[in-house]
Amino acid sequence: MILTVILAGVIAGGMVFFAFFMAPLVFTQLPPKTAGSFIRSVFPKYYLTFGSLFVILSLLLFFSSLVLIGIITLLSGFGFIAARQLLMPVINKYSDLSSEGDANATRKFSNFHRLSVIINVLQMLVIFYVFYSLLNML
């Protein structure tokens, strides 16, 4: 149980660090083109890392007989993989078209980017819920 709590805390802390410190810092400290390239190289690793951690956490939850919380965590983990494999290529495509001056692509990029942010916020809420629930079980 302790390992499960620690892993949930690490995941929550990592996601908060990336969303509220790392990404804003990159865009405020690097030139826009460099920032964009850097973020593009980081996000596949972000999605893969946190998706994998969510899946591992869900397995630990299943072994702790916390099946419902495990299912919620597993579904959130698959959300990272779906975002990486399906959503990110679309966002990158419309970002490229937008930088070439395509106004329609700019709108689509904005919509898909917003969707990715909403998904990530929901995943954060899930991990906060899991972490809070686990702490209350100690």
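Data block above holds the structure.
Below, the structure is looked at part by part. The model shown is predicted, which means the values in this text are computed figures rather than measured ones. Just so you know, the residues in each chain are numbered from 1, in the order the chain's sequence is written. For this predicted model, a pLDDT threshold of at least 70 governs which residues receive local features, and a threshold of 80 or more governs which side-chain atom pairs are given and counted, while totals over whole chains, interfaces and linings are taken from all residues. Note that water and hydrogens are dropped before the side-chain values are worked out from all heavy atoms of the structure.

**Structural notes on the pattern of salt bridges**
Side chains that differ in charge, positive against negative, can pair when their charged atoms come close. The term salt bridge refers to a side-chain nitrogen of Lys or Arg lying within 4 Å of a carboxyl oxygen of Asp or Glu. On inspection of all chains with the given rule, the structure shows 1 salt bridge. In this structure, the salt-bridge partner of Arg40 is Asp96, at a minimum N-O distance of 2.5 Å. Note that Arg40 is positioned in helix H2 (residues 32-63) and Asp96 in helix H3 (residues 67-99), a separation of 56 residues in sequence. For every residue, the accessible area (1.4 Å probe, protein chains only) is compared with the maximum for its type, and the residue is labelled buried under 20%, exposed over 50%, or partly exposed between those bounds. You can call Asp96 partly exposed: its relative accessible area is 36%. The helix and strand labels rest on DSSP assignments: H or I over at least four residues marks a helix, E over at least two residues marks a strand, and numbering proceeds from the N terminus.

**Examining the packing of H2 against helix H4 (residues 103-137)**
Structural elements are reduced to axes, namely lines fitted to C-alpha atoms, with helices fitted over the stretch in contact, and the angle between N-to-C directions of any two is expressed from 0 to 180 degrees. At a minimum axis separation of 13 Å, H2 and H4 run at an interaxial angle of 30°. As H2 runs across H4, the sense of the crossing is left-handed. Judged by residue contacts, Tyr46, Tyr47, Phe54, Leu57 and Leu61 of H2 engage Ser116, Asn120, Gln123, Val126, Ile127, Val130 and Leu134 from H4. Residue polarity follows a fixed list, in which Ala, Val, Leu, Ile, Met, Phe, Trp, Tyr, Cys and Pro are nonpolar, Asp, Glu, Lys and Arg are charged, and the others, Gly among them, are polar. The class makeup of the residues in the contact of H2 with H4 is 9 nonpolar, 3 polar and no charged. A clockwise turn of the near helix away from the far one marks a right-handed crossing, whereas an anticlockwise turn of less than a right angle marks a left-handed crossing. Any two residues having at least one pair of non-hydrogen atoms within 4.5 Å are treated as being in contact.

**What about a nonpolar patch on the surface?**
What goes into a patch is any residue over 30% in relative accessible area without a salt bridge, connected to like charges within 9 Å or, for nonpolar side chains (Val, Leu, Ile, Met, Phe, Trp, Tyr), within 5 Å. Working definition of accessibility: Shrake-Rupley area with a 1.4 Å probe, residue cover restricted to the visible protein chains. A surface patch of nonpolar side chains, amounting to about 660 Å² of accessible area, comprises Met1, Ile2, Ile6, Val10, Leu135, Met137 and Leu138. Of the residues forming the nonpolar patch, the biggest block, 3 residues, is contributed by helix H1 (residues 2-29). By secondary structure assignment, the location of Leu135 is in helix H4. With a relative accessible area of 40%, Leu135 lands in the partly exposed category.

**So, H2**
To estimate the expected span of a helix, count its residues, drop one, and scale the result by 1.5 Å. Over its 32 residues, H2 runs 45 Å from end to end, which matches the ideal 46 Å to within 8%, given 1.5 Å per residue. At Val42, H2 shows its maximal bend, which comes to roughly 25°, and the proline Pro44 appears one to four places after that position. All of the buried residues in H2 are Ala35, Ile39, Val42, Pro44, Tyr46, Tyr47, Phe50, Gly51, Phe54, Leu57, Ser58 and Leu61. Check the buried side of H2 and you find it contacts H1, H3 and H4. At the exit of H2 stands Ser65, carrying a positive phi of roughly 65°. In this scheme, the bend at a residue equals the angle between the axes fitted to the seven residues that finish there and the seven that begin there.

**Focus on the side chain of Ser116**
Take Ser116: it is sitting in helix H4. Judged by relative accessible area, which is 11%, Ser116 ranks as buried. Ignoring sequence-local partners within four residues, the contact set of Ser116 consists of Tyr47, Leu87 and Ile91.

**Re unusual backbone geometry**
Note: most peptide bonds trans; most residues except glycine with negative phi. A positive phi angle is found at Ser65, which is not glycine, with a value near 65°. Within the fold, Ser65 resides in the loop between H2 and H3. Judged by its relative accessible area of 61%, Ser65 falls in the exposed class.

**Quick look at the environment of Ser110**
Structurally, the position occupied by Ser110 is in helix H4. A relative accessible area of 33% means that Ser110 is categorised as partly exposed. C-alpha separation for the pair Ser110 and Ser98, spaced 12 residues apart in sequence, amounts to 9.8 Å.

**Here's the deal with the packing of aromatic side chains**
Two rings from Phe, Tyr or Trp (for Trp, the six-membered ring) form a pair when their centres are within 6.5 Å of each other. A pair whose planes differ by under 30 degrees is stacked, one over 60 is edge-to-face, and the rest are tilted. Counting across every chain of the model gives 12 aromatic pairs. Where Tyr94 meets Phe112, the ring centres are 5.8 Å apart and the plane angle is 5°; that geometry is what we call stacked. Residue Tyr94 is found in helix H3, and its partner Phe112 is found in helix H4; the two are separated by 18 residues along the sequence. With relative accessibility at 14%, the residue Tyr94 sits in the buried group. Among the residues examined, Phe112 registers a relative accessible area of 28% and is labelled partly exposed.

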